[in-house]
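# An overview of the molecular structure
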Amino acid sequence: MKHILSIGILCLLAACSPKENQKIFVYEGNPLVRNNFTADPAALVHGDRLYLYVGHDEYYAGQDTASGGREFNITEWLCYSTTDMKNWTEHGAVLSPADFKWAVGEAWASQVIERDGKFYYYTTVQAGEPCVGKAIGVAVSDSPTGPFTDAIGRPLVTDDMTSNGARGWWNDIDPTVLVEEDGQAWLCWGNGTCFLARLKPNMTELDGDIAVVDLPEYVEGPWLHVRNGIYYLTYASMGEGRENIAYATASGMEGPWTYRGELTGMAENSFTIHPAIVEFKGKWYLFYHNAALTLDGRAGAIGRRSVCVDELHYNEDGTMQYVEQTKGN
Ligand code: FUB
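Attention in this report is confined to the structure presented alongside it. (Residues numbered from 1 in each chain as written. Predicted model: local features only at pLDDT ≥ 70, side-chain atom pairs only at ≥ 80, totals over all residues. Heavy atoms only, no water.)

## Here's the deal with the overall build of the protein
If you tally the helices and strands in the protein, you get one helix and 20 strands. For 329 residues, the compact-globule formula gives about 20 Å, and the C-alpha radius of gyration of the protein, at 19 Å, lands near that figure. C-alpha atoms of the protein, sized along the principal axes, occupy 60 × 50 × 50 Å. Each of the 329 residues in the protein was classed as buried or not, and the buried ones make up 55%. (Helix = DSSP H or I, 4+ residues; strand = E, 2+ residues; numbered from the N terminus. Rg over C-alpha atoms; globule rule 2.2 N^0.38 Å. Buried < 20%, exposed > 50% of the residue type's maximum accessible area, 1.4 Å probe, protein only.)

Next comes the structure, spelled out in structure tokens:
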């Protein structure tokens, strides 16, 4: 029995460790990822390693002349990981909308979380008939680097389940998930409206009604985390014509949520910004994106963004200190 357990542990370690053909790069200041345009970071700490999941902002013919209409071309989600925030391993594409039979394209923001040894990938995809519109899908894997497969064969959240508000068919985007210490899981998402619902312990069904959290200047990209009994709901809010990051706190997931102000200013050269917050090896980090990178002669733009990271510090009362966005060489 002991022998079988040891083999099991070794297999798991092998699955989670960088493989020989995986590329390593060294963090040289922001932007963190410099070999791809990347957006919408989501971080997961598992064991000794931090996993970073991002949308891959890809070039498309006509992008340089496009105005309005199609802003993004994101057809896959990439994964990177690190044990020291300095040396990063590339795991490549770990999920794509094509992995959801009901999806018709576009891979918007996501978050991966672990529960009972399974890794759940909650993500935004464009759904085809009969639930046309942005939808939230959930894929599952035994490993943080996949392979991930559609957990339920249909969307978890579709347009008809929520009121449309200002954003119509594309308001069901940008899922974030939190599992409380007592095991209660929550799903929060939305563009224009911040939706919140309980998840059943199976992590693949909503449990009860969908509530709306009223937050000043809320746009999109919510991120939930807890520290010392304080619940944080951090989100992309509307600054002066572009998004910045703001947050609210509560003593429990049911609120009331108290607005605490801006956490960052607007991102360099980018209309959007998107927060992810985790603690890793005793330090707290804020991941976000800007559009400051020039890659292969193409300057950053709305669909050519770059994931960044900066340290996050708290005040004694639990409020988060304003984060200055740093820049590398
Ligand atoms: O990347 C596409 C969309 O832009 C995301 O879903 C939003 O959070 C914004 O970053």
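There is more to say after this.
## So, the packing of aromatic side chains
Counted by the stated rule, this structure contains 13 aromatic pairs. For the pair F100 and W102, a centre-to-centre distance of 5.3 Å together with 50 degrees between the ring planes defines the contact as tilted. Overall, F100 belongs to the buried group, its relative accessible area being 1%. W102 gets classed as buried once you look at its relative accessible area, which sits at 12%. Put simply, the rings of Y53, W77, Y121 and F148 pair up and form one aromatic cluster. Sitting above the plane of the W108 ring, K134 keeps its charged end 4.0 Å from the centroid. (Phe/Tyr/Trp six-rings, centres within 6.5 Å; stacked < 30°, edge-to-face > 60°. Lys NZ or Arg CZ within 6 Å of the ring centre and 35° of its normal.)

## As for the site of the ligand
If you check the shell around the ligand, you find D40, F72, I74, W108, A109, I173, D174, E220, T272, H274, H289 and R305 and nothing else. Within the side chain of D40, an N or O atom sits 2.5 Å from an oxygen atom of the ligand. Here the ligand loses 99% of its free accessible area of 280 Å² to cover by the protein chains. Along the lines of polarity and charge, the residues of the shell around the ligand split into five nonpolar, three polar and four charged. (Near = heavy atom within 4 Å. Polar contact = N/O pair within 3.5 Å; in protein donor to acceptor, adjacent residues only side chain to side chain. Areas by Shrake-Rupley, 256 points an atom, 1.4 Å probe, with all protein chains shown as cover. Nonpolar A, V, L, I, M, F, W, Y, C, P; charged D, E, K, R; others polar.)

## Topic: the pairing of strand β6 (residues 103-115)
Note: β6 against strand β7 (residues 118-127), 10 bridges, orientation antiparallel. When the bridges of β7 are listed, R115 appears paired with K118. Here β6 folds back onto β7 in antiparallel fashion, the turn holding two residues, of which D116 has a positive phi close to 50 degrees. (Pairing = 2+ DSSP bridges.)

## Topic: the sheet that holds strand β16 (residues 243-250)
Reading across the sheet, the four strands line up as β14-β15-β16-β17 and stay open at both edges, with antiparallel pairing between neighbours. Either end of the sheet is taken by a strand with one partner, and the two such strands are β14 (218-227) and β17 (258-262). Direction aside, neighbouring strands of the sheet carry axes that sit 25 degrees apart on average. Where β16 and β17 come together, four bridges link them in antiparallel fashion. Note that in β17 the partner of A248 across the bridge is Y259. (Axes fitted to C-alpha atoms, helices over the stretch in contact; angles between N-to-C directions.)

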